[in-house]
Structures are given as structure tokens and as C-alpha cells.
Amino acid sequence: MIEVLRAGPLTTVQDLGRSAWRDRGLSRCGALDDLALAMGNLLVGNEAGAAGLEFTMGPAVLRFATDSCIALTGSDSDATVDGRPLRSGWRMAVRAGQTLQLAAPRERMRSYVTVAGGIAVEPVLGSRSTDLKAGFGGLAGRALRDGDRLPIAPATGPRRRSVGLRAPEWEAAVRTLPGPEHGEFSAAARRAFWATDWTVTPQSNRMGYRLQGPNLQRRRGGELASHGVLPGVVQLPPSGQPIVLLADAQTTGGYPKIGVVIRADLWKLAQLRLGASLRFVPCTPDEALEAWRRRQLLLDQWKTALA
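### A word on the overall build of the protein chain
For step 1, the next point in the chain: When its secondary structure is counted, the protein chain shows 4 helices and 20 strands.
For step 2, the next point in the chain: In terms of its C-alpha atoms, the protein chain occupies a principal-axis envelope of roughly 65 × 35 × 30 Å.
For step 3, the next point in the chain: Burial status across the protein chain gives 52% buried among its 307 residues.
For step 4, the next point in the chain: Of the contacts formed within the protein chain by residues at least 6 apart in sequence, a portion of 75% connects residues at least 24 apart.

See the structure below:
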């Protein structure tokens, strides 16, 4: 059991989400930085998709009611267990009664804490992820509050020795495919889309990042029929300011799609702070597939290193 002494601004239970229910109008949800969640789970001996805790901006305090093993991944937050430093990308054994104190990140946005066995809240539709819009999932679809108590599933094996993994390099640039309506924008608008350092505005959340920069307009107006959208889609509303959809995004929309961030780079968006800059980098379908192959290879390398 984990007791939440200080929940922080927005802390939720997340796994890898509900990918099989979008045809029923349900968002995928899940960890925004799914690579960090997978790393943390592998460090403590879980399957990559086990449920952990996603902290947005921190700070937070947790107390462990049983002996266990935990890992911290994702952001560059300082953390201690009863005063002993816990570095990001490392695991540590904890004893019953010990307290984890997590500081606010210095430059990034989200931290992840995983525990051996995984957070064992009741799954809904095959996932323990918190759906804040629909109001179900972890702790009945809400952010954690001070005083919450979280069950932990039995661990598959002891993980006592401290060990770490090296996270991939991070930069505020995401590889992006041209979207279906990319060609409907003027040449100047298309150049601006790729050349601009877009600013993440405060009107951003787990559904999507609203960006600020030059005004991009289609060459021809008119409404589009509502169509399916996915995390990574870059929409252009009438304001001409892009919206990048994230894990909690709706399942349909009618705005033109100027680009689609490739799946292998979605984790980078999770770590962008409000006010930070973002650049879209042109990418081909073959390059997107190769990037995903390399990501899966990285997970295999992590598993081998920890075996």
C-alpha cells in the first residue's frame, strides 16, 4: 500500500491506456511519457505497461506501508527516500514506513514513480489509466488527493540492488508527417509550420497542447466533415494556431490536420513546459517506421541489461 501524503497539482494513475475503445468514443489516456513509464516498470521488474503514477510539475510526498522497490523516471526532479537521494532513471529498495519526497522538476514537466508489482487499482475496460474526462479508471477517474491510499500488486521477484538505465536524449523537436490537409495550406503557411519555434500556451493539458506562433490559414475555407483523430495529430482551428493532440484527446474532430507527430516522438511532448518552444521536423513514413523499430529495440536492450 502507498499512502499519498501530498498529491501535488495533478497526479494520476496511468498505464499505457485503452487503445481498443476509440470506436466507442473513449480516449486512449495512459502515460503521456509512455517511454518513461516503460523504463520505470522494467527497472522494478514489471511488464512495461503496468500502472504507475504520473506527476505533473510536483511536488509530492508518498509513504510506503510495505517493503518494496520503486523507480523514478521522466523528469529532472530531485527526489529523496528518508533523505537518501533517488536519481531519475534508477530504482531503489524501500522499507515499510519510509517516505518519498519528490520536488518540482527543474526544466521538464512530468515525473513517473513505479513500484514493484504495479499500482493495483481496479481496471476498467482493460486499463487502470485515469480518464479525467469520462470520470473512470484509477480512483474513479480523478486526480490523486492528499490521504489517498493505493494498493500494490504482488511483485514478481525481489529487486533489492540499486540499478539505473540511461534514458534517450531529449530535445524540443518532434518528427512529424504531413497531415491529410497539409497541401490545402499556402506554400508560405507550410514553410512557417516547419520553420517556426512554436510556444506552448497555458491553455494546454493532457488533451492537447495549444501552440502560439504565426497565423496559418487554409487556401480554401469551408467546414470539414467530422473525422477520426489520434494522439499526435496537429489540428488547425480557425484561429490559425496549431493544437497538438495528446493521450486524453477526443476521438473525432473537424479541424484540418496539417501534420501528425510520429508515435515514437510523442513522449517528448509530455516533457514540454508551458511557455517552452517546440519545433516540428519533417519526416517520411519510412523514417517513422524506423524510429518505432529503434524504440522497440531500446526496450529490448533495457530488458537485456536488467536480466
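### Regarding the pattern of salt bridges
For step 1, the next point in the chain: Inspection of every chain in the model, using the stated rule, returns 16 salt bridges.
For step 2, the next point in the chain: Arg295 serves as the salt-bridge partner of Asp34, at 3.2 Å between the closest nitrogen and oxygen. Of this pair, Asp34 sits in helix α1 (residues 34-43) while Arg295 sits in helix α4 (residues 285-306); the two residues are 261 residues apart in sequence, bridging distant segments of the chain. Accessibility assignment for this pair places Asp34 and Arg295 in one class, buried.
For step 3, the next point in the chain: With a shortest N-O distance of 2.6 Å, Glu54 and Arg206 are connected by a salt bridge. Taken as a pair, Glu54 in strand β3 (residues 52-56) and Arg206 in the loop between β13 (198-200) and β14 (208-212) lie far apart in primary sequence, 152 residues in all.
For step 4, the next point in the chain: Residues participating in the shared-partner salt-bridge network are Glu3, Arg63 and Arg149.

### Here we look at unusual backbone geometry
For step 1, the next point in the chain: The omega torsion across Gly58 and Pro59 is -10°, close enough to zero to call that bond cis.
For step 2, the next point in the chain: Located in the positive-phi region is Met57, a residue other than glycine, with phi close to 75°.
For step 3, the next point in the chain: Counting through the fold element by element, Met57 comes out in the loop between β3 and β4 (60-64).
For step 4, the next point in the chain: Despite not being glycine, Asp82 shows a phi value in the positive range, around 50°.
For step 5, the next point in the chain: Mapped onto the elements of the fold, Asp82 is located in the loop between β6 (79-81) and β7 (84-85).

### Topic: the sheet that holds β6
For step 1, the next point in the chain: Strand order in this open sheet of 6 strands is β7-β6-β9-β4-β1-β11, and the pairing throughout is antiparallel. At either end of the open sheet lies a strand with only one pairing partner, and these are β7 and β11 (149-150).
For step 2, the next point in the chain: Two strands pair when backbone bridges link them, and β6 and strand β9 (residues 99-102) are joined in this way by 3 bridges, in the antiparallel orientation. Across the sheet, residue Ala79 finds its bridge partner in β9, namely Leu102.

### A look at the nonpolar core
For step 1, the next point in the chain: Of all hydrophobic cores here, the largest spans 30 residues; its most connected members are Leu269 and Phe280.
For step 2, the next point in the chain: Broken down by secondary-structure element, the contributors of at least two residues to this core are α1, α2 (187-195), β13, β14, β19 (257-261), α3 (266-270) and β20 (277-282).
For step 3, the next point in the chain: When residues no more than four places from it in sequence are discounted, the contact partners of Phe280 are Val174, Thr176, Phe193, Trp194, Trp198, Leu211, Val234, Val244 and Val261.
For step 4, the next point in the chain: Grouped together as the second largest cluster of nonpolar side chains are 25 residues, Ile2, Phe55, Leu100 and Val113 included.

What counts and how
- Residues numbered from 1 in each chain as written.
- Predicted model: local features only at pLDDT ≥ 70, side-chain atom pairs only at ≥ 80, totals over all residues.
- Heavy atoms only, no water.
- Helix = DSSP H or I, 4+ residues; strand = E, 2+ residues; numbered from the N terminus.
- Buried < 20%, exposed > 50% of the residue type's maximum accessible area, 1.4 Å probe, protein only.
- Contact = heavy atoms within 4.5 Å.
- Salt bridge = Lys/Arg side-chain N within 4 Å of Asp/Glu carboxyl O.
- Pairing = 2+ DSSP bridges.
- Core = buried A, V, L, I, M, F, W, Y, C linked by side-chain atoms within 4.5 Å.

Just geometry here; none of it tells us what the structure is for.
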